[in-house]
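Coordinates in review
Residues per chain are reported as follows:
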Amino acid sequence: MATSCSYYAFPPMISCTAESRPPRFGLPRPSTSSSSAAYKVMKPIPYHPQISTIMDLPRTIKEIPGKLLDALVDHVFEFVDQPYLPSQSNFGPVEEIGKAVRATAVHGSIPHDFPEGVYIRNGTNPLHGVPKSAVSIFGKSNNIWVEGEGMLHALYFNKDSSDGSWTTFYNNKYVSTDSLELEKQRKKPVFLPATEGDPPAVLSAFLLNLVRFGVPNKNMSNTNVFEHAGKLYAVSENDVAPYEIDIHTLETLGTWDHDIAQSWNRPSTSHPKRAPYTDELVTIGTDARKPYLVVGVISADGTKLLHKVDLKFERSVFCHEVGVTQRYNVIMDFPIIIDLSRLLRGGSIIRYEKEKYARIGIMPRYGDADSVRWFEVETCCTFHIINCYEEDDDEVVVMGCRAPDSIIPGPDLGKGKLEWFSRGFKKPNSDNHHHMQQEGLKNKYAYTQVVDSAASSAAGMVKYGGLAKVCLQERNVQFLEGINQNGEGAEEYRKIEYHMFPENTFCTGASFVAKQGAADEDDGWLVTFVHNEDTNVSEVYIVDAKKISSEAVAKIRLPCRVPYGFHGAYVPIS
């Protein structure tokens with residue numbers, strides 16, 4: 001069993017200067033129990049007439065026929081729009097094409113040794129035009145900025161074997177979740193927003209969704225795509241299960257294998273990981289109710305759930321990613337806390353509680369709750385892991401991206417969102433850059449998207465103005481000059497190279513594509529969806545990873561606008 005854990009926390013990359021990395025620091029003696037000082041004795045829940053009325057709902061509404069209950073909801077709740085600002089226009093949805101369309105305009109040239117395949121990215125595309133709020137006698141509840149139906153955007157790269165010429169096709173299509181199909185059938189929103197807003201309104205939405213549809217929130221499948229056992233899946237944290245996608249047509253084929261779905265029966269992380277050498281898929285599932293966090297291991301052929309264990313958390317946390325090494329699973333327990341009792345007391349259902357503890361757990365692949373060794377770290381917000389690997393048989397190294405605050409879910413009760421987000425993006429440590437995951441083994445390089453602080457602050461939503469290559473094993477000596485007369489802290493900094501886009505041009509969903517027969521780890525390219533807000537033109541850029549600061553080797557103009565989204569992947573196919 002690992003005897004120590006080193007956590008390297010990288011600040012988010014938000015400018016064109018090199019970024020720092022805190023040094024390895026002494027960790028307290030690991031334990032399998034949480035610090036008692038991190039918890040406070042709960043005060044009695046005060047009487048709240050609206051909440052008391054809502055808590056009586058489950059005992060009565062179960063007796064109401066479905067159509068009558070729908071009519072009651074329609075009468076009591078009114079859906080209203082949350083319109084986009086002009087600076088947010090490319091976060092707005094586009095029409096579904098649903099079939100491949102030729103993309104003929106290419107500036108530069110697609111490299112001859114670029115692999116045939118499909119570059120695919122997930123993201124929100126609100127079915128009803130804009131995010132919604134629901135207004136009722138209980139107050140107002142809102143969709144937050146990460147909510148919206150999932151739409152896949154794909155660019156296909158086909159190479160003619162006779163002359164080596166390239167043909168590219170673009171397609172987009174909604175992920176056909178059960179929630180989407182229900183709202184398409186009814187031609188209106190039916191799920192009440194249950195994440196942000198006035199506590200009585202959020203609680204009533206949570207309970208009514210649960211009774212009417214069996215889930216507290218709609219299944220959106222809008223965050224990521226991943227491949228396992230030759231199948232492609234779309235996923236988000238609130239989905240009952242990932243949705244299988246036909247990679248050639250983007251049609252939704254259903255959820256994953258029936259036996260796994262029956263055994264797992266809970267949401268999954270948006271970033272499951274394939275274990276090195278065994279190709280088993282490691283996932284986690286969090287919930288607002290116990291068990292709060294469960295780890296699962298799925299067979300390499302994707303047909304069986306080999307291991308499922310409750311880690312016996314004492315709190316529900318929003319955990320976006322799981323890490324793996326050759327022998328271990330890496331669990332991030334950071335204090336973005338989902339708390340239904342806090343909602344009952346008149347607070348937000350999700351809140352980043354910076355006064356609470358943060359810890360990283362290292363567990364054997366098939367371990368249980370008692371086998372996890374917990375290492376406390378400085379409290380921060382960490383959504384993404386850069387690299388996890390084992391060192392010298394008794395150490396696990398975890399590299400992640402940290403920030404002192406969280407942009408999820410936003411301000412308490414959703415009050416003053418634009419001002420709150422605008423202030424946050426002005427701070428030099430504002431979080432929310434996206435990375436390209438490096439899996440399970442020690443890497444020389446990692447790649448991230450670079451937040452444009454000024455543009456993000458103006459929009460109140462994150463915009464990425466470039467790409468960064470982090471050279472994990474190279475120090476940036478030039479940047480260190482003058483840092484400290486004694487040269488202390490030199491190991492904190494790593495060399496970073498940038499590829500910055502033209503003004504008012506931003507990207508999402510960047511992914512690394514390895515060169516066929518690559519000799520070096522960075523032999524390959526970065527691909528990303530890019531949108532120019534001045535011309536309203538969307539393109540896919542191909543950037544040489546070895547020469548990341550150089551001009552993109554190819555820019556492929558797309559036949560329609562592609563909204564900003566979340567994570568993407570490149571899947572080689574014939």
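Residues numbered from 1 in each chain as written. Predicted model: local features only at pLDDT ≥ 70, side-chain atom pairs only at ≥ 80, totals over all residues. Heavy atoms only, no water.

Confidence along the chain averages 85 in pLDDT terms, with 82% of residues attaining 70 or more. In this model, residues 428–433 is a region of pLDDT below 50 whose contacts with residues beyond four sequence positions or in other chains number 30 contacts. (pLDDT = per-residue confidence, 0-100. Contact = heavy atoms within 4.5 Å.)

Residues S179, L180, L182 and E183 constitute the buried set of helix α4 (residues 178–186). Within α4, the buried residues cover an arc of 165° as seen down the axis, which keeps them to one side. Of the surrounding secondary structure, the elements contacted by the buried residues of α4 are β9 (166–174) and α5 (199–213). (Buried < 20%, exposed > 50% of the residue type's maximum accessible area, 1.4 Å probe, protein only. Helix = DSSP H or I, 4+ residues; strand = E, 2+ residues; numbered from the N terminus. Arc of directions from axis to C-beta.)

A few words on the sheet that holds strand β10 (residues 196–197). Either a parallel or an antiparallel arrangement is found when strands of a sheet pair, and the pairing is made through backbone hydrogen bonds. Strand order across the open sheet formed by four strands is β2-β6-β7-β10, with antiparallel pairing between neighbours. Of all the strands in the sheet, just β2 (78–81) and β10 have a single pairing partner and so form its edges. As judged from the four bridges shared by strand β6 (residues 132–136) and strand β7 (residues 139–142), these two strands associate in the antiparallel manner. Along β7, the bridge assignment pairs S133 with N142. On the sheet, α5 packs against β7 and β10 and is oriented at approximately 65° with respect to β7. (Pairing = 2+ DSSP bridges. Axes fitted to C-alpha atoms, helices over the stretch in contact; angles between N-to-C directions.)

The linkage connecting K290 with the following residue, P291, adopts the cis geometry, with an omega of -5°. For P291, the position within the fold is in the loop between β16 (281–286) and β17 (293–298). The backbone phi angle of N265 is positive, close to 45°, even though this residue is not glycine. Relative to the elements of secondary structure, N265 occurs in the loop between α6 (258–264) and β15 (273–274).

This part takes up the pairing of strand β36 (residues 568–572). For β36, a buried count of four out of five residues is recorded, marking the element as mostly surrounded by other parts of the structure. Looking at chain direction, strand β5 (residues 117–121) and β36 are connected through five bridges and run antiparallel. Residue pairing for β36: I120 is matched across the bridge by A569.

Our next topic: the packing of aromatic side chains. Here the structure, examined in full by the defined rule, presents 18 aromatic pairs. For the ring pair F114 and Y570, a centre distance of 5.3 Å and an interplane angle of 75° mean the geometry is edge-to-face. Here the residue F114 occupies a position in the loop between β4 (106–108) and β5, and Y570 occupies one in strand β36, the gap between them amounting to 456 residues. Judged by its relative accessible area of 1%, F114 falls in the buried class. On the numbers, 6.4 Å between centres and 75° between planes, the contact of Y233 with W256 is edge-to-face. Highlighted residues: Y233 in strand β12 (residues 231–235) and W256 in the loop between β14 (252–255) and α6, separated in sequence by 23 residues. The buried category is assigned to Y233, whose relative accessible area is 4%. A residue is classified by how much of its surface remains accessible, and W256, at 6% relative accessible area, is buried. Pairwise contacts between aromatic rings join F114, F157, W166, W525 and Y570 into one cluster. (Phe/Tyr/Trp six-rings, centres within 6.5 Å; stacked < 30°, edge-to-face > 60°.)

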